[in-house]
Amino acid sequence: MTRPSTHPDFLWRDPDPRPSYDVVIVGGGGHGLATAYYLARNHGLTNVAVLEKGWLAGGNMARNTTIIRSNYLWDESAAIYEHSLKLWEGLSEELDYDLQFSQRGVLNLAHSLSDVREGRRRVEANRLNGVDAEWLDAAEVKKFCPIIDVSDRPRHPVMGATLQRRGGIAKHDHVAWALARQADAYGIDLIQGCEVTGFEITGGRVAAVRTSRGRIAAGKVALAAAGHTSVLAELAGFRLPLQSHPLQALVSELLEPVLDCVVMSNAVHVYVSQAHKGELVMGAGIDAYNSYGQRGGVHVIEAQMAAALELFPIFSRVRVLRTWAGIVDVSPDASPIIGRTPVENLFVNAGWGTGGFKATPGSGWVYADTIAHGRPHPLAEPFALERFTTGALIDEHGAAAVAH
Amino acid sequence: MLLIPCPFCGPRDETEFRYGGQAGIAYPDGETTDGEWAAYVFMRDNPKGWFHERWFHAHGCRTWFTVERHTVTQEIR
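The written sequence of each chain sets the order in which its residues are numbered from 1. Written order decides the labels, with chains lettered from A and ligands numbered from 1. This being a predicted model, a pLDDT of at least 70 is required before a residue's local features are given, and a value of 80 or more before pairs of side-chain atoms are given or counted; all residues contribute to the totals for chains, interfaces and linings. Computation of side-chain values: all heavy atoms of the structure, hydrogens and water removed.

- Going by what an unreviewed UniProt entry lists, chain B is known as Sarcosine oxidase subunit alpha/sarcosine oxidase subunit delta and is assigned to Nonomuraea wenchangensis.

- Per an unreviewed UniProt entry, chain A is named Sarcosine oxidase subunit beta, and its organism is Nonomuraea wenchangensis.
- UniProt positions are given in the numbering used here, feature names are shortened, and annotations may be inferred rather than shown by experiment. What UniProt states about chain A under its Sequence similarities (unreviewed entry) heading is, verbatim, "Belongs to the SoxB family."
- The UniProt entry for chain A carries this comment under Subcellular location (unreviewed entry): "Cytoplasm".

## A look at the overall build of chain A
Turning to step 1, where the next piece is worked out: Secondary structure assignment for chain A yields 9 helices and 18 strands.
Turning to step 2, where the next piece is worked out: Each radius of gyration is computed over the set of C-alpha atoms, and the globule rule expresses the reference value as 2.2 Å times the number of residues to the power 0.38. Taking 22 Å as the expected radius of gyration for a compact globule of 404 residues, we find that chain A reaches 21 Å, a close match to that expectation.
Turning to step 3, where the next piece is worked out: Along the first, second and third principal axes, the C-alpha atoms of chain A reach 65 × 60 × 40 Å.
Turning to step 4, where the next piece is worked out: We call two residues in contact when some of their heavy atoms are within 4.5 Å. Contacts in chain A between residues far apart in sequence, at least 24 positions, make up 77% of those at least 6 positions apart.
Turning to step 5, where the next piece is worked out: Here the Shrake-Rupley method, with its probe set to 1.4 Å, supplies the accessible areas, and only the displayed protein chains count as covering residues. In the form shown here, chain A has an accessible surface area of approximately 15,800 Å², with 53% of it arising from carbon and sulfur atoms.
Turning to step 6, where the next piece is worked out: In chain A, 37 positive and 43 negative side-chain charges are present, and the distance between their average locations comes to 2 Å. Under the DSSP-based scheme used, a helix requires at least four consecutive residues in state H or I and a strand at least two consecutive residues in state E, with every element numbered from the N terminus. For the purpose of counting charges, residues Lys and Arg are taken to be positive, whereas Asp and Glu are taken to be negative. His and the chain ends are not included. Taken as the charge location is NZ of Lys, CZ of Arg, CG of Asp or CD of Glu.

## A few points about the sheet that holds strand S15 (residues 279–286) of chain A
In a beta sheet, neighbouring strands are held together by backbone hydrogen bonds and run either parallel or antiparallel to one another.
All names here are of chain A.
Turning to step 1, where the next piece is worked out: In spatial order, the strands read S5-S6-S4-S13-S14-S15-S12-S16; together these 8 strands make up an open sheet with mixed pairing. At either end of the open sheet lies a strand with only one pairing partner, and these are strand S5 (134–136) and strand S16 (320–330). Ignoring strand direction, the axes of neighbouring strands in this sheet form an average angle of 20°.
Turning to step 2, where the next piece is worked out: Note on pairing: DSSP must find at least two bridges between two strands before they are called paired. Of the strand pairs in this sheet, strand S12 (residues 243–254) and S15 are connected by 5 bridges, and their pairing is antiparallel. Paired with Ala249 across the strands is Gly283, a residue of S15.
Turning to step 3, where the next piece is worked out: Axis geometry follows a simple rule: fit a line to the C-alpha atoms, using only the stretch in contact for helices, then measure angles between N-to-C directions, giving values from 0 to 180 degrees. Helix H3 (residues 113–128) contacts strand S4 (106–110), S5 and strand S6 (160–164) of the sheet and is inclined by roughly 155° relative to S5.

## Some details on the state of the cysteines
Residue and element names in this part refer to chain A.
Turning to step 1, where the next piece is worked out: Throughout, disulfides are identified as pairs of cysteine sulfur atoms within 2.5 Å of each other. Per the stated rule, a full pass over the model turns up 0 disulfides over all chains.
Turning to step 2, where the next piece is worked out: Free of any disulfide, Cys145 has its nearest cysteine sulfur in Cys261, 3.8 Å distant.
Turning to step 3, where the next piece is worked out: Burial classification: accessible surface area is computed with a 1.4 Å probe over protein chains only, and a residue below 20% of its type maximum counts as buried, one above 50% as exposed, and the rest as partly exposed. Note on Cys145: relative accessible area 1%, which makes it buried.
Turning to step 4, where the next piece is worked out: You can call Cys261 buried: its relative accessible area is 0%.

## A closer look at the packing of aromatic side chains
Turning to step 1, where the next piece is worked out: Only Phe, Tyr and Trp rings take part, Trp by its six-membered ring, and two of them pair if their centres are within 6.5 Å. Stacked means planes under 30 degrees apart, edge-to-face means over 60, and tilted covers everything else. Inspection of every chain in the model, using the stated rule, returns 17 aromatic pairs over all chains.
Turning to step 2, where the next piece is worked out: Taking 5.9 Å as the distance between ring centres and 75° as the angle between the ring planes, the aromatic pair formed by Phe17 of chain B and Phe65 of chain B counts as edge-to-face. Remark: Phe65 of chain B occurs in strand S5 (residues 64–70) and Phe17 of chain B occurs in the loop between strand S2 (10–13) and strand S3 (18–22); sequence separation between them is 48 residues.
Turning to step 3, where the next piece is worked out: On the basis of relative accessible area, Phe17 of chain B is assigned to the buried category, the value being 8%.
Turning to step 4, where the next piece is worked out: Assessed through its relative accessible area of 6%, Phe65 of chain B is described here as buried.
Turning to step 5, where the next piece is worked out: Through pairs of rings, three or more aromatic residues link up here, namely Tyr289 of chain A together with Phe17, Tyr19, Trp55 and Phe65 of chain B.
Turning to step 6, where the next piece is worked out: Two conditions define a charge located above a ring, namely a distance within 6 Å from the ring centre to NZ of Lys or CZ of Arg, and an angle within 35 degrees of the ring normal. The aromatic ring of Trp50 of chain B is capped on one face by Arg77 of chain B, whose charged end is 3.7 Å from the ring centroid.

Printed below as a string of C-alpha coordinates:
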(Lines give C-alpha, C1' and ligand atoms only; values in the text may rest on other atoms or scores of the structure.)
Protein backbone atom coordinates (compact mmCIF):
# COMPACT_ATOMS: atom_id res chain seq x y z
CA MET A 1 0.00 0.00 0.00
CA THR A 2 1.42 3.36 -0.92
CA ARG A 3 0.97 6.03 1.62
CA PRO A 4 -0.70 9.31 0.76
CA SER A 5 1.71 11.97 -0.41
CA THR A 6 0.55 14.24 2.37
CA HIS A 7 1.71 11.80 5.04
CA PRO A 8 4.75 13.19 6.87
CA ASP A 9 7.98 11.21 6.79
CA PHE A 10 8.32 8.60 9.47
CA LEU A 11 10.68 9.62 12.26
CA TRP A 12 12.34 6.21 12.50
CA ARG A 13 12.70 3.04 10.44
CA ASP A 14 10.75 -0.09 11.32
CA PRO A 15 13.53 -2.68 10.97
CA ASP A 16 13.47 -6.44 11.43
CA PRO A 17 15.81 -7.71 14.12
CA ARG A 18 19.32 -8.71 13.09
CA PRO A 19 20.79 -11.93 14.55
CA SER A 20 23.16 -10.15 16.90
CA TYR A 21 23.84 -6.83 18.63
CA ASP A 22 26.43 -5.47 21.04
CA VAL A 23 23.68 -4.20 23.32
CA VAL A 24 20.02 -5.20 23.43
CA ILE A 25 17.74 -2.91 25.41
CA VAL A 26 14.48 -4.52 26.51
CA GLY A 27 11.74 -1.91 26.57
CA GLY A 28 11.07 0.90 24.11
CA GLY A 29 9.70 3.48 26.50
CA GLY A 30 11.29 6.74 27.53
CA HIS A 31 14.10 5.21 29.57
CA GLY A 32 14.93 2.59 26.94
CA LEU A 33 15.00 5.17 24.15
CA ALA A 34 17.06 7.62 26.21
CA THR A 35 19.49 4.83 27.06
CA ALA A 36 19.85 3.95 23.38
CA TYR A 37 20.37 7.59 22.47
CA TYR A 38 23.08 8.15 25.08
CA LEU A 39 24.80 4.83 24.25
CA ALA A 40 25.35 6.25 20.78
CA ARG A 41 25.90 9.89 21.68
CA ASN A 42 28.19 9.47 24.68
CA HIS A 43 29.80 6.10 24.10
CA GLY A 44 29.81 5.56 20.34
CA LEU A 45 27.83 2.33 20.67
CA THR A 46 25.45 2.04 17.71
CA ASN A 47 25.22 -1.73 17.18
CA VAL A 48 22.26 -1.57 19.52
CA ALA A 49 18.66 -2.75 19.39
CA VAL A 50 15.70 -1.58 21.44
CA LEU A 51 13.09 -4.36 21.69
CA GLU A 52 9.54 -3.27 22.39
CA LYS A 53 6.73 -5.80 22.79
CA GLY A 54 4.07 -3.27 21.79
CA TRP A 55 4.72 0.00 20.02
CA LEU A 56 7.31 2.58 20.96
CA ALA A 57 6.46 4.62 24.05
CA GLY A 58 3.01 3.06 24.38
CA GLY A 59 3.34 2.05 28.02
CA ASN A 60 4.00 4.38 30.92
CA MET A 61 5.63 6.91 28.59
CA ALA A 62 2.18 7.50 27.12
CA ARG A 63 0.38 7.36 30.46
CA ASN A 64 2.27 9.57 32.88
CA THR A 65 1.40 13.11 33.96
CA THR A 66 4.69 14.56 32.60
CA ILE A 67 5.78 16.32 35.78
CA ILE A 68 9.47 17.20 35.95
CA ARG A 69 11.25 18.28 39.14
CA SER A 70 14.35 17.45 41.15
CA ASN A 71 13.44 18.49 44.70
CA TYR A 72 14.17 15.18 46.37
CA LEU A 73 15.33 14.92 49.97
CA TRP A 74 18.47 12.81 49.98
CA ASP A 75 21.81 13.67 48.37
CA GLU A 76 21.78 10.60 46.11
CA SER A 77 18.33 11.38 44.72
CA ALA A 78 18.89 15.11 44.39
CA ALA A 79 22.07 14.36 42.42
CA ILE A 80 20.48 12.05 39.87
CA TYR A 81 17.21 14.00 39.46
CA GLU A 82 19.04 17.33 39.23
CA HIS A 83 21.35 15.81 36.61
CA SER A 84 18.19 14.86 34.75
CA LEU A 85 16.64 18.32 35.11
CA LYS A 86 19.80 19.95 33.75
CA LEU A 87 19.61 17.64 30.74
CA TRP A 88 15.94 18.58 30.24
CA GLU A 89 16.97 22.23 30.13
CA GLY A 90 19.00 21.62 26.96
CA LEU A 91 17.15 18.68 25.47
CA SER A 92 14.81 20.41 23.01
CA GLU A 93 17.77 22.13 21.39
CA GLU A 94 19.98 19.06 21.47
CA LEU A 95 17.35 16.79 19.92
CA ASP A 96 16.19 19.54 17.56
CA TYR A 97 12.58 18.95 18.55
CA ASP A 98 10.17 21.10 20.51
CA LEU A 99 9.57 19.05 23.64
CA GLN A 100 7.22 21.74 25.01
CA PHE A 101 9.37 21.70 28.12
CA SER A 102 7.86 24.36 30.31
CA GLN A 103 9.50 25.35 33.60
CA ARG A 104 6.34 26.74 35.12
CA GLY A 105 7.09 25.83 38.72
CA VAL A 106 6.02 22.88 40.85
CA LEU A 107 4.21 23.35 44.16
CA ASN A 108 4.22 20.54 46.72
CA LEU A 109 1.48 21.44 49.19
CA ALA A 110 1.66 20.96 52.94
CA HIS A 111 -1.58 20.18 54.74
CA SER A 112 -0.42 19.43 58.27
CA LEU A 113 2.27 20.50 60.69
CA SER A 114 4.30 17.43 59.84
CA ASP A 115 3.95 18.26 56.13
CA VAL A 116 5.22 21.76 56.92
CA ARG A 117 8.23 20.44 58.82
CA GLU A 118 8.98 17.90 56.13
CA GLY A 119 8.62 20.51 53.38
CA ARG A 120 10.85 23.07 55.06
CA ARG A 121 13.45 20.43 55.76
CA ARG A 122 13.36 19.38 52.11
CA VAL A 123 13.76 23.00 50.96
CA GLU A 124 16.92 23.36 53.05
CA ALA A 125 18.24 19.97 51.93
CA ASN A 126 17.60 20.93 48.29
CA ARG A 127 19.46 24.22 48.67
CA LEU A 128 22.46 22.48 50.19
CA ASN A 129 22.49 20.27 47.11
CA GLY A 130 22.24 23.19 44.68
CA VAL A 131 18.64 22.45 43.80
CA ASP A 132 16.43 25.56 43.63
CA ALA A 133 13.77 25.44 46.31
CA GLU A 134 11.59 27.90 48.16
CA TRP A 135 9.15 27.70 51.03
CA LEU A 136 5.86 29.54 50.53
CA ASP A 137 3.36 30.20 53.28
CA ALA A 138 -0.35 29.90 52.52
CA ALA A 139 -0.70 33.54 51.41
CA GLU A 140 2.27 33.16 49.07
CA VAL A 141 0.78 29.96 47.68
CA LYS A 142 -2.41 31.89 46.92
CA LYS A 143 -0.39 34.58 45.15
CA PHE A 144 1.56 32.03 43.09
CA CYS A 145 -1.53 30.00 42.21
CA PRO A 146 -4.67 32.10 42.73
CA ILE A 147 -7.22 29.35 42.09
CA ILE A 148 -6.15 27.23 45.08
CA ASP A 149 -8.46 27.48 48.07
CA VAL A 150 -6.14 28.30 50.98
CA SER A 151 -8.94 29.04 53.43
CA ASP A 152 -9.59 26.85 56.45
CA ARG A 153 -12.68 25.42 54.74
CA PRO A 154 -11.08 22.28 53.20
CA ARG A 155 -10.77 19.13 55.26
CA HIS A 156 -7.01 19.33 54.66
CA PRO A 157 -6.24 23.07 54.54
CA VAL A 158 -3.20 24.38 52.66
CA MET A 159 -0.62 25.44 55.24
CA GLY A 160 2.19 26.21 52.83
CA ALA A 161 4.12 24.63 49.99
CA THR A 162 7.53 23.99 48.60
CA LEU A 163 8.16 25.58 45.22
CA GLN A 164 10.68 24.52 42.63
CA ARG A 165 10.52 27.17 39.94
CA ARG A 166 12.68 25.16 37.53
CA GLY A 167 10.23 22.27 37.69
CA GLY A 168 7.46 21.90 35.16
CA ILE A 169 6.12 19.66 32.44
CA ALA A 170 7.02 18.46 28.94
CA LYS A 171 5.10 16.82 26.12
CA HIS A 172 5.78 13.12 26.70
CA ASP A 173 5.07 11.97 23.13
CA HIS A 174 7.45 14.54 21.71
CA VAL A 175 10.15 13.37 24.11
CA ALA A 176 9.77 9.78 22.93
CA TRP A 177 9.62 10.70 19.26
CA ALA A 178 12.64 13.00 19.49
CA LEU A 179 14.75 10.39 21.28
CA ALA A 180 13.61 7.67 18.88
CA ARG A 181 14.41 9.79 15.83
CA GLN A 182 17.92 10.57 17.07
CA ALA A 183 18.63 6.97 18.15
CA ASP A 184 17.45 5.78 14.74
CA ALA A 185 19.65 8.36 13.01
CA TYR A 186 22.65 6.84 14.83
CA GLY A 187 21.73 3.49 13.24
CA ILE A 188 20.15 1.95 16.31
CA ASP A 189 17.37 -0.54 15.50
CA LEU A 190 14.07 0.24 17.22
CA ILE A 191 12.16 -3.03 16.91
CA GLN A 192 8.48 -2.96 17.74
CA GLY A 193 6.16 -5.92 18.23
CA CYS A 194 9.06 -7.92 19.63
CA GLU A 195 8.46 -9.48 23.03
CA VAL A 196 11.30 -11.03 25.01
CA THR A 197 10.27 -14.54 26.06
CA GLY A 198 13.50 -15.80 27.59
CA PHE A 199 17.21 -15.37 28.14
CA GLU A 200 20.08 -17.65 27.16
CA ILE A 201 22.47 -17.66 30.08
CA THR A 202 25.67 -19.68 29.95
CA GLY A 203 28.17 -19.75 32.80
CA GLY A 204 26.26 -17.04 34.63
CA ARG A 205 26.54 -14.70 31.65
CA VAL A 206 23.77 -13.63 29.30
CA ALA A 207 24.42 -14.58 25.68
CA ALA A 208 21.16 -13.98 23.88
CA VAL A 209 17.51 -13.14 24.26
CA ARG A 210 14.68 -15.25 22.89
CA THR A 211 11.90 -13.17 21.44
CA SER A 212 8.60 -13.48 19.63
CA ARG A 213 10.62 -12.63 16.51
CA GLY A 214 13.42 -15.13 17.04
CA ARG A 215 16.71 -15.45 18.87
CA ILE A 216 18.90 -12.36 19.14
CA ALA A 217 22.47 -12.74 20.38
CA ALA A 218 23.63 -9.92 22.63
CA GLY A 219 26.91 -8.86 24.18
CA LYS A 220 24.98 -7.06 26.86
CA VAL A 221 21.30 -6.92 27.74
CA ALA A 222 19.72 -3.96 29.51
CA LEU A 223 16.26 -4.15 31.04
CA ALA A 224 14.17 -0.98 30.82
CA ALA A 225 10.73 -2.47 31.19
CA ALA A 226 9.21 -0.59 34.16
CA GLY A 227 6.19 -2.51 35.49
CA HIS A 228 7.15 -5.71 33.69
CA THR A 229 10.73 -5.88 35.00
CA SER A 230 9.86 -8.57 37.56
CA VAL A 231 8.50 -10.80 34.79
CA LEU A 232 11.77 -10.47 32.86
CA ALA A 233 13.90 -10.98 35.98
CA GLU A 234 12.02 -14.19 36.70
CA LEU A 235 12.81 -15.41 33.17
CA ALA A 236 16.46 -14.64 33.88
CA GLY A 237 16.34 -16.46 37.22
CA PHE A 238 16.64 -13.73 39.83
CA ARG A 239 14.31 -11.75 42.07
CA LEU A 240 13.91 -8.02 42.49
CA PRO A 241 12.27 -6.15 45.37
CA LEU A 242 9.57 -4.71 43.12
CA GLN A 243 5.80 -4.78 43.21
CA SER A 244 3.73 -3.77 40.18
CA HIS A 245 0.68 -1.58 40.75
CA PRO A 246 -1.77 0.32 38.57
CA LEU A 247 -1.31 4.08 38.72
CA GLN A 248 -4.23 6.02 37.36
CA ALA A 249 -4.47 9.40 35.71
CA LEU A 250 -7.10 11.34 33.85
CA VAL A 251 -7.65 14.37 31.67
CA SER A 252 -10.52 16.82 31.61
CA GLU A 253 -12.16 18.42 28.64
CA LEU A 254 -10.17 21.27 27.06
CA LEU A 255 -10.29 24.52 29.01
CA GLU A 256 -9.05 28.05 28.54
CA PRO A 257 -5.75 28.66 30.40
CA VAL A 258 -6.58 28.54 34.09
CA LEU A 259 -3.63 26.88 35.83
CA ASP A 260 -0.09 27.96 34.95
CA CYS A 261 1.89 25.84 37.39
CA VAL A 262 2.03 22.26 38.63
CA VAL A 263 0.32 21.55 41.95
CA MET A 264 1.01 18.36 43.87
CA SER A 265 -0.27 17.13 47.18
CA ASN A 266 0.96 13.98 48.85
CA ALA A 267 -1.51 14.19 51.69
CA VAL A 268 -4.65 14.18 49.59
CA HIS A 269 -3.17 12.19 46.70
CA VAL A 270 -3.64 14.42 43.72
CA TYR A 271 -1.43 16.30 41.30
CA VAL A 272 -2.64 18.67 38.64
CA SER A 273 -1.30 20.63 35.72
CA GLN A 274 -2.84 22.06 32.58
CA ALA A 275 -1.38 20.73 29.36
CA HIS A 276 -0.56 23.05 26.48
CA LYS A 277 -3.60 21.83 24.60
CA GLY A 278 -5.82 22.92 27.50
CA GLU A 279 -6.87 19.78 29.31
CA LEU A 280 -6.29 19.41 33.02
CA VAL A 281 -3.99 16.45 33.64
CA MET A 282 -4.45 14.82 37.02
CA GLY A 283 -2.77 11.89 38.65
CA ALA A 284 -4.02 9.71 41.47
CA GLY A 285 -2.39 7.42 43.96
CA ILE A 286 -1.62 3.82 43.12
CA ASP A 287 -4.26 1.13 43.46
CA ALA A 288 -3.32 -0.88 46.55
CA TYR A 289 -3.02 -4.33 45.04
CA ASN A 290 -0.47 -5.88 42.68
CA SER A 291 -1.69 -5.79 39.12
CA TYR A 292 -0.58 -5.94 35.51
CA GLY A 293 -4.01 -5.04 34.15
CA GLN A 294 -3.73 -1.50 32.85
CA ARG A 295 -6.82 -0.23 34.62
CA GLY A 296 -7.71 0.60 38.19
CA GLY A 297 -10.67 1.11 40.47
CA VAL A 298 -13.11 3.97 39.95
CA HIS A 299 -13.11 4.68 43.69
CA VAL A 300 -9.47 5.76 43.41
CA ILE A 301 -10.47 8.31 40.77
CA GLU A 302 -13.39 9.44 42.94
CA ALA A 303 -11.11 10.03 45.91
CA GLN A 304 -8.68 11.91 43.70
CA MET A 305 -11.46 14.11 42.28
CA ALA A 306 -12.76 14.83 45.77
CA ALA A 307 -9.29 15.98 46.77
CA ALA A 308 -8.90 18.07 43.64
CA LEU A 309 -12.22 19.82 44.22
CA GLU A 310 -11.28 20.63 47.80
CA LEU A 311 -8.17 22.38 46.51
CA PHE A 312 -9.73 23.87 43.39
CA PRO A 313 -13.45 24.64 43.86
CA ILE A 314 -13.34 26.31 40.43
CA PHE A 315 -13.08 22.84 38.81
CA SER A 316 -16.44 21.69 40.19
CA ARG A 317 -18.20 21.58 36.83
CA VAL A 318 -15.26 20.37 34.75
CA ARG A 319 -15.96 17.10 32.99
CA VAL A 320 -13.57 14.17 32.95
CA LEU A 321 -12.74 13.18 29.41
CA ARG A 322 -10.98 9.88 30.00
CA THR A 323 -9.07 7.93 32.64
CA TRP A 324 -6.43 5.24 32.28
CA ALA A 325 -3.75 3.39 34.22
CA GLY A 326 -0.12 2.46 33.75
CA ILE A 327 1.70 -0.31 35.58
CA VAL A 328 4.38 1.09 37.85
CA ASP A 329 7.11 -0.92 39.57
CA VAL A 330 7.37 0.24 43.16
CA SER A 331 10.48 -0.43 45.23
CA PRO A 332 10.58 -0.64 49.05
CA ASP A 333 12.31 2.75 49.46
CA ALA A 334 10.59 4.61 46.60
CA SER A 335 13.93 4.88 44.80
CA PRO A 336 15.01 3.26 41.54
CA ILE A 337 17.23 0.22 41.11
CA ILE A 338 20.00 0.80 38.58
CA GLY A 339 23.02 -1.32 37.78
CA ARG A 340 24.24 -4.88 37.62
CA THR A 341 22.23 -8.00 38.33
CA PRO A 342 23.23 -11.49 39.50
CA VAL A 343 23.58 -12.37 35.78
CA GLU A 344 26.74 -11.04 34.18
CA ASN A 345 26.23 -8.50 31.38
CA LEU A 346 22.55 -8.25 32.24
CA PHE A 347 21.69 -4.84 33.64
CA VAL A 348 18.60 -3.47 35.31
CA ASN A 349 17.03 -0.03 35.42
CA ALA A 350 13.70 -0.23 37.22
CA GLY A 351 11.78 0.72 40.32
CA TRP A 352 11.13 4.30 39.23
CA GLY A 353 7.66 3.67 40.53
CA THR A 354 5.28 6.55 40.15
CA GLY A 355 7.81 9.12 38.96
CA GLY A 356 10.05 7.88 36.17
CA PHE A 357 9.18 10.41 33.46
CA LYS A 358 11.14 13.26 35.03
CA ALA A 359 14.20 11.05 35.13
CA THR A 360 14.07 10.05 31.46
CA PRO A 361 17.26 11.79 30.24
CA GLY A 362 19.17 11.39 33.51
CA SER A 363 18.27 7.74 33.77
CA GLY A 364 19.26 7.10 30.16
CA TRP A 365 22.55 8.95 30.69
CA VAL A 366 23.69 7.00 33.77
CA TYR A 367 22.32 3.69 32.51
CA ALA A 368 24.11 4.01 29.17
CA ASP A 369 27.34 4.77 31.02
CA THR A 370 26.78 1.80 33.34
CA ILE A 371 26.17 -0.53 30.40
CA ALA A 372 29.06 0.79 28.32
CA HIS A 373 31.61 0.39 31.12
CA GLY A 374 30.12 -2.60 32.91
CA ARG A 375 30.21 -0.76 36.24
CA PRO A 376 27.81 1.68 37.87
CA HIS A 377 27.93 5.34 36.87
CA PRO A 378 28.84 7.32 40.02
CA LEU A 379 25.31 8.79 40.17
CA ALA A 380 23.81 5.30 39.82
CA GLU A 381 26.09 3.59 42.34
CA PRO A 382 23.94 4.30 45.43
CA PHE A 383 20.92 2.87 43.59
CA ALA A 384 22.43 -0.60 43.13
CA LEU A 385 20.41 -3.70 43.96
CA GLU A 386 22.88 -4.46 46.79
CA ARG A 387 21.44 -1.67 48.95
CA PHE A 388 18.62 -3.95 50.06
CA THR A 389 21.22 -6.31 51.54
CA THR A 390 23.54 -3.67 53.00
CA GLY A 391 20.62 -1.65 54.34
CA ALA A 392 21.80 1.60 52.71
CA LEU A 393 18.32 2.49 51.53
CA ILE A 394 17.45 5.83 49.94
CA ASP A 395 14.08 6.47 51.53
CA GLU A 396 12.23 8.97 49.36
CA HIS A 397 8.72 8.27 50.59
CA GLY A 398 8.57 11.87 51.78
CA ALA A 399 9.62 13.49 48.52
CA ALA A 400 8.21 10.81 46.26
CA ALA A 401 5.40 9.11 48.10
CA VAL A 402 2.36 8.73 45.94
CA ALA A 403 2.43 12.06 44.18
CA HIS A 404 5.77 11.40 42.54
CA MET B 1 -13.63 -2.02 42.41
CA LEU B 2 -12.84 -5.57 43.39
CA LEU B 3 -15.46 -7.71 45.08
CA ILE B 4 -13.51 -9.60 47.71
CA PRO B 5 -14.84 -12.70 49.47
CA CYS B 6 -14.32 -12.25 53.19
CA PRO B 7 -14.50 -15.74 54.76
CA PHE B 8 -16.63 -14.35 57.61
CA CYS B 9 -18.76 -11.60 55.99
CA GLY B 10 -19.02 -12.84 52.40
CA PRO B 11 -18.33 -10.75 49.29
CA ARG B 12 -17.69 -7.09 50.08
CA ASP B 13 -16.39 -4.03 48.21
CA GLU B 14 -12.65 -3.56 47.99
CA THR B 15 -12.89 -0.23 49.83
CA GLU B 16 -13.69 -2.13 53.05
CA PHE B 17 -10.32 -3.89 52.90
CA ARG B 18 -6.67 -3.15 53.29
CA TYR B 19 -4.10 -4.95 51.16
CA GLY B 20 -1.47 -7.16 52.77
CA GLY B 21 0.68 -8.29 49.85
CA GLN B 22 2.08 -11.74 49.23
CA ALA B 23 0.81 -14.52 51.49
CA GLY B 24 2.91 -17.16 53.20
CA ILE B 25 5.97 -15.10 54.12
CA ALA B 26 7.40 -16.98 57.08
CA TYR B 27 9.70 -15.41 59.67
CA PRO B 28 13.11 -16.95 59.05
CA ASP B 29 14.34 -19.60 61.48
CA GLY B 30 17.44 -19.01 63.56
CA GLU B 31 20.42 -16.96 62.42
CA THR B 32 20.20 -15.40 58.96
CA THR B 33 22.74 -13.99 56.59
CA ASP B 34 22.22 -10.41 55.39
CA GLY B 35 21.01 -11.84 52.08
CA GLU B 36 18.45 -14.10 53.74
CA TRP B 37 17.23 -11.25 55.91
CA ALA B 38 16.96 -8.93 52.88
CA ALA B 39 14.96 -11.60 51.07
CA TYR B 40 12.60 -11.89 54.04
CA VAL B 41 12.15 -8.14 54.43
CA PHE B 42 12.17 -6.87 50.86
CA MET B 43 11.81 -9.62 48.25
CA ARG B 44 8.28 -10.49 47.19
CA ASP B 45 6.94 -12.43 44.27
CA ASN B 46 5.44 -10.16 41.63
CA PRO B 47 3.85 -12.58 39.16
CA LYS B 48 1.81 -11.70 36.11
CA GLY B 49 -0.88 -14.30 36.77
CA TRP B 50 -2.20 -16.08 39.84
CA PHE B 51 -1.03 -14.68 43.16
CA HIS B 52 -1.67 -15.75 46.76
CA GLU B 53 -2.16 -12.59 48.76
CA ARG B 54 -3.37 -11.29 52.13
CA TRP B 55 -6.34 -8.99 52.67
CA PHE B 56 -7.54 -7.41 55.91
CA HIS B 57 -11.24 -6.64 56.38
CA ALA B 58 -10.42 -3.33 58.06
CA HIS B 59 -13.92 -1.86 57.94
CA GLY B 60 -15.70 -5.11 58.70
CA CYS B 61 -14.90 -8.12 60.87
CA ARG B 62 -11.16 -7.28 60.95
CA THR B 63 -10.15 -10.73 59.77
CA TRP B 64 -6.89 -11.34 57.91
CA PHE B 65 -7.29 -13.95 55.19
CA THR B 66 -5.69 -15.22 51.99
CA VAL B 67 -7.16 -15.19 48.50
CA GLU B 68 -5.80 -16.27 45.15
CA ARG B 69 -6.22 -13.50 42.58
CA HIS B 70 -5.14 -13.18 38.96
CA THR B 71 -3.06 -10.01 38.56
CA VAL B 72 -4.25 -9.33 35.00
CA THR B 73 -7.92 -10.35 34.97
CA GLN B 74 -8.45 -9.63 38.72
CA GLU B 75 -10.42 -12.89 38.96
CA ILE B 76 -10.46 -14.30 42.51
CA ARG B 77 -10.69 -18.05 43.12
